[in-house]
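Architecture at a glance
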Amino acid sequence: MPKNGEPSALMLLLPLLLRLIPATETDTGKLPSPQGVFIESTNMRHLLKWRPLQVPCHPVSYSVQYQGYFELFIKNGSWEDAPYCRNVDGAACDLTVGFGSDSDYNVRVRAECGGRVSDWTRLGTPFNRRETNLTAPKMKAAVSGDSIHVVFADLTEMVDVTLKHWREGLEKEASIQHIMVERNPFHLGGLEEGATYCLSAQTVVHDRRSASTEPQCFSIAVSPESARGWLKPTVACVAVVIVAGVGLAAFWSVTRCYPALLNTCWPREPLPDALLRREANTRLRVLPEEEIHELCQPVLVLLPDPV
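First, a word on scope: everything that follows refers to the structure included in this document. (Residues numbered from 1 in each chain as written. Predicted model: local features only at pLDDT ≥ 70, side-chain atom pairs only at ≥ 80, totals over all residues. Heavy atoms only, no water.)

So, the state of the cysteines
Within the structure shown, the criterion is met by 3 disulfides. The partner cysteine of Cys57 in its disulfide is Cys113, sulfur to sulfur 1.8 Å. Handedness of the Cys57-Cys113 disulfide follows from its S-S torsion of about -95°: it is left-handed. Residue Cys57 is found in the loop between β2 (45–51) and β3 (61–67), and its partner Cys113 is found in strand β6 (residues 106–113); the two are separated by 56 residues along the sequence. Taken in N- to C-terminal order, the disulfide-linked cysteines of the protein are connected 1-4, 2-3, 5-6. (Disulfide = S-S within 2.5 Å. Helix = DSSP H or I, 4+ residues; strand = E, 2+ residues; numbered from the N terminus.)

Now the structure itself:
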């Protein structure tokens, strides 16, 4: 027996023992409270989950309420029913719509079955959506002509994506597109035919970013119209080069071979030795005026008398 009104050890341990007793239906007709309540939040999608009750009552449904800054301070500590989470059959509730601000939220859940209800079970600590876990976006891309169509799965209004794209080998010159839910799927057009482009994306929430996706590279095929458009200029250039080459070859042949051909058909006869020697000994001499008078004799010309 305890002395001086002090509580016994059993009385001190009783609350702890009651917590360890598995939840069962009570004599008052209440259902046991849901256990294992937690929030799984990824990329701003917030799911409240709990363990389903194991009781001989069917069907068991659940209702969820939350309390944010507005409910706590403006509405005097009232609780708001979570949208789409009243009398649900499963053991999960999507609170993405309910958590509309970056304030701390208290959350609670209770079970209902056959007119009986359980006590509310509260989330251990308040939840703030800024604590959401960010993962790289699920991206699918496909080439269509000179464009790439990009689709992001599970993109919500609360989450944006930055899409980085660059020509292969020029990642430092990459362009970045900001993709919101209304731009999903995204059309990346006007790409150069015959080139290869790479894409990478990140999930963005306010100033937080996820890891980047692995780069995906796509080659833009050359269309038949473009191929035919390049064919004529190419053929014309090749023809000009060939004609110029033939012309140069003919000119070289004429300048190198024509003199030899003329000499073969009409050979030149050599000059006689006498002429060669005379030409060699021939010298020009200027005569003085006296010698010129001696060489020039006057001639008398007689004309007949006229009849």
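Focus on the pairing of β2
Where strand β1 (residues 35–42) meets β2, 6 bridges bridge the pair, whose relative direction is antiparallel. What sits directly across from Phe38, in β2, is Lys49. The loop that links β1 with its antiparallel partner β2 comprises 2 residues; one of these, Asn43, has a positive phi angle of about 50°. Strand direction decides the pairing type here: β2 and strand β5 (residues 92–94), joined by 3 bridges, are antiparallel. From the neighbouring strand, Leu47 faces β5, where its bridge partner is Asp94. (Pairing = 2+ DSSP bridges.)

Considerations on the packing of aromatic side chains
For the structure shown, the criterion picks out 6 aromatic pairs. The interplanar angle of 65° and the centroid separation of 5.9 Å between the aromatic rings of Tyr66 and Tyr105 together place this pair among those described as edge-to-face. Of this pair, Tyr66 sits in strand β3 while Tyr105 sits in the loop between β5 and β6, placing them 39 residues apart in sequence. Tyr105 matches Tyr66 in its accessibility class, with the two residues each being buried. For the pair Tyr69 and Phe73, a centre-to-centre distance of 4.9 Å together with 40° between the ring planes defines the contact as tilted. One end of the pair is Tyr69 and the other is Phe73, both in helix α2 (residues 69–74) and 4 residues apart, which spans about a single turn. Chaining the aromatic ring pairs together yields one cluster made of Tyr66, Phe99, Tyr105 and Phe127. The ring of Trp120 carries the charged tip of Arg108 above its face, separated from the ring centre by 4.4 Å. (Phe/Tyr/Trp six-rings, centres within 6.5 Å; stacked < 30°, edge-to-face > 60°. Buried < 20%, exposed > 50% of the residue type's maximum accessible area, 1.4 Å probe, protein only. Lys NZ or Arg CZ within 6 Å of the ring centre and 35° of its normal.)

Some points on the nonpolar core
One finds Leu48, Val64 and Val107 to be the most contacted residues of the largest nonpolar core, which totals 25 residues. Among the secondary structure elements, those contributing two or more residues to this core are β1, β2, β3 and β6. For this core, the leading source of residues is β6, giving 4 residues. Among the nonpolar cores identified, the runner-up in size contains 21 residues, and Met139, Phe152, Val159 and Leu188 belong to it. (Core = buried A, V, L, I, M, F, W, Y, C linked by side-chain atoms within 4.5 Å.)

Focus: the side chain of Arg108
Among the structural elements, Arg108 can be located in strand β6. For the buried residue Arg108, which engages in no salt bridge, the nearest side chain bearing the opposite charge is Asp81, 7.2 Å off. Side-chain polar atoms of Arg108 contact the side chain of Gln65, separated by 2.7 Å. Setting aside its immediate chain neighbours within four residues, Arg108 contacts Ser63, Val64, Gln65, Trp79, Trp120, Thr121 and Arg122. (Lys, Arg positive; Asp, Glu negative; His and termini not counted. Salt bridge = Lys/Arg side-chain N within 4 Å of Asp/Glu carboxyl O. Polar contact = N/O pair within 3.5 Å; in protein donor to acceptor, adjacent residues only side chain to side chain. Contact = heavy atoms within 4.5 Å.)

Regarding the sheet that holds strand β10 (residues 147–153)
The sheet built from 3 strands is open, its strands ordered β9-β10-β13 with antiparallel pairing. Only two strands of the sheet have a single partner each, and these edge strands are β9 (138–144) and β13 (186–188). Direction aside, the axes of adjacent strands within the sheet are offset by 20° on average. Note: β10 against β13, 3 bridges, orientation antiparallel. Each bridged residue has a counterpart across the sheet, and for His149 the counterpart in β13 is His187. (Axes fitted to C-alpha atoms, helices over the stretch in contact; angles between N-to-C directions.)

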